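Examination of the molecular architecture
Take a look at the letters that make up each chain.
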Amino acid sequence: MHDISGKRVAILATHGFEQSELEVPLNKLREAGAMVDVVSIEPGEITGWDKKDWGRAVKVDRTLDEADPADYDALVLPGGQINPDLLRVEQKALEFIKAFWNDRKVIGAICHAPWLLVETGIANGRRMTSYHSIKTDVINAGGHWEDSAVVNDQGLITSRNPGDLDAFCDKLTEEIREGRHERRAA
């Protein structure tokens with residue numbers, strides 16, 4: 001794991017996030033020295049989905065109204081089926097994601113979270129992966145889908161499922177340490 005002390009990371013999620021896909025990056029990024037905020041639509045707590053049933057609640061550090069993308073170095077989008085489906089109809093969430101992309105900051109998306117990259121237009125022309133059930137969505141949005149544990153396209157990091165979390169988190173910390181991707185076309 002790379003030292004990313006002093007870096008700030010936002011994890012954007014709402015109810016129904018895949019439990020491990022929020023908690024593992026949250027813990028690993030903090031262990032690597034980053035300050036990490038869980039950002040959501042509403043204040044309080046959001047509840048995860050843990051394999052086949054509702055999981056544990058996670059405290060929301062900032063709402064979308066309180067969080068400014070300019071304050072962060074990177075964005076993490078956990079999957080689960082419910083979480084990204086709820087977020088992709090929230091205009092503020094989509095604008096938040098696009099702000100990171102337009103500022104050439106690192107974005108990590110795992111499992112079903114690439115739906116948010118599809119919805120924002122970020123997937124178009126990008127090498128990426130996702131949970132296999134949304135492969136066609138990614139391809140139809142112009143993404144170049146690969147069946148790999150982790151795909152990095154100039155700071156856009158994607159992974160398929162919870163089994164890929166170690167590779168996902170390692171690539172996230174590496175890219176966060178490197179910083180912005182100036183050559184990336186917006």
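The coordinates are above.
We now turn to the structure provided with this report. Along each chain, residues carry numbers from 1 onward, in the same order as the chain's sequence is written. Residues qualify for local features only when their pLDDT is at least 70, as the model is predicted, and side-chain atom pairs are given and counted only at 80 or more; totals for whole chains, interfaces and linings, by contrast, use all residues. With hydrogens and water excluded, all non-hydrogen atoms of the structure serve as input to the side-chain values.

**Some thoughts on the pairing of strand 11 (residues 156–159)**
Accessible area is worked out with a 1.4 Å probe on protein chains only. A residue is then buried under 20% of its type maximum, exposed over 50%, and partly exposed in between. Numbering of helices and strands runs from the N terminus, with a helix taken as a DSSP run of H or I at least four residues long and a strand as a DSSP run of E at least two residues long. Alternating residues of strand 11 divide into L156 and T158 and I157 and S159, and every residue in both groups is buried. Two strands are said to pair when DSSP picks up at least two bridges between them. Pairing of strand 7 (residues 106–110) with strand 11, which is carried by four bridges, proceeds in the parallel orientation. The partner of I107 across the bridge, within strand 11, is L156. In this sheet, strand 11 lies alongside strand 10 (residues 150–153) in antiparallel orientation, the contact comprising four bridges. Paired with V151 across the bridge in strand 11 is T158. Between strand 10 and strand 11, which pair antiparallel one after the other, the connecting turn spans two residues, and Q154 there sits at a positive phi close to 50°.

**A short note on the packing of aromatic side chains**
Think of it this way: a Phe, Tyr or Trp ring, Trp meaning its six-membered ring, pairs with another when their centres are within 6.5 Å, and the plane angle makes it stacked under 30 degrees, edge-to-face over 60, tilted otherwise. As enumerated under the stated definition, the model contains three aromatic pairs in all. The interplanar angle of 35° and the centroid separation of 6.4 Å between the aromatic rings of Y72 and F100 together place this pair among those described as tilted. Within this pair, whereas Y72 is found in the loop between strand 5 (62–63) and strand 6 (74–77), its partner F100 is found in helix 3 (residues 91–102), the two being separated by 28 residues in sequence. Here the aromatic rings of F96 and F100 are separated by 5.1 Å at their centres, their planes lie at 65°, and the arrangement is edge-to-face. Of the two residues, F96 and F100 are both situated in helix 3; the distance of four residues between them amounts to about one turn of the helix. The residues F96 and F100 share a single accessibility class, namely buried. A connected cluster of aromatic rings, assembled from ring pairs, spans Y72, F96 and F100. Across the ring face of W115, the terminal group of R88 is positioned such that the distance to the ring centre comes to 4.2 Å. A positively charged side chain is recorded as over a ring if its NZ (Lys) or CZ (Arg) lies within 6 Å of the ring centre. The angle to the ring normal must also be within 35 degrees.

**Looking at helix 3**
By this rule, a helix spans an expected 1.5 Å times one less than how many residues it contains. In a regular helix each residue adds 1.5 Å, so twelve residues correspond to 16 Å; helix 3 covers 16 Å between its end C-alpha atoms and thus fits that length. Burial in helix 3 covers these residues: A93, L94, F96, I97, F100 and W101. Each buried residue of helix 3 sits inside an arc of 160° when the element is viewed along its axis, so together they form one side. The arc refers to the directions leading from the helix axis to the C-beta atoms.

**Observations concerning unusual backbone geometry**
Located in the positive-phi region is R104, a residue other than glycine, with phi close to 60°. Tracing the backbone through its elements, the reader meets R104 in the loop between helix 3 and strand 7. Since its relative accessible area comes to 24%, R104 is described here as partly exposed. Positive phi, normally seen in glycine, also occurs at Q154, with a value near 50°. Relative to the assigned elements, Q154 resides in the loop between strand 10 and strand 11. By relative accessible area, which is 29% here, Q154 ends up partly exposed.

**Some words on the sheet that holds strand 7**
Across the sheet, seven strands lie side by side as 5-2-1-6-7-11-10; this open sheet has mixed pairing. With partners counted over all chains shown, the strands left at the sheet margins are strand 5 and strand 10, one partner each. Bridge count for strand 6 against strand 7 is four bridges, and the pairing is parallel. In the sheet register, L75 faces strand 7, and the bridge partner there is I107. Any two residues whose heavy atoms approach within 4.5 Å at even a single point are treated as in contact. The axes used here are C-alpha line fits, helices contributing only the stretch in contact, and every angle between their N-to-C directions lies in the interval 0 to 180 degrees. Sheet contacts for helix 6 (residues 165–178): strand 1 (8–12), strand 6, strand 7, strand 10 and strand 11; angle to strand 7, the most-contacted strand, approximately 170°.

**Some remarks on the nonpolar core**
Among buried residues, the Ala, Val, Leu, Ile, Met, Phe, Trp, Tyr and Cys ones that are joined through side-chain atoms within 4.5 Å form a nonpolar core. Ranked by internal contacts, the top residues of the largest apolar core, which has 27 residues, are L12, L75, L77, F96, I107 and L117. Breaking this core down by element, the ones donating at least two residues are strand 1, strand 6, helix 3, strand 7 and helix 4 (114–119). Among the elements that line this core, the one with the most residues is helix 3, at six residues. Here L12 is in contact with V39, L64, L75, V76, L77, P78, L87, A93, F96 and I97, once residues within four sequence places are set aside. Counting 26 residues, the second largest nonpolar core, distinct from the first, contains V9, L22, V106 and I176.

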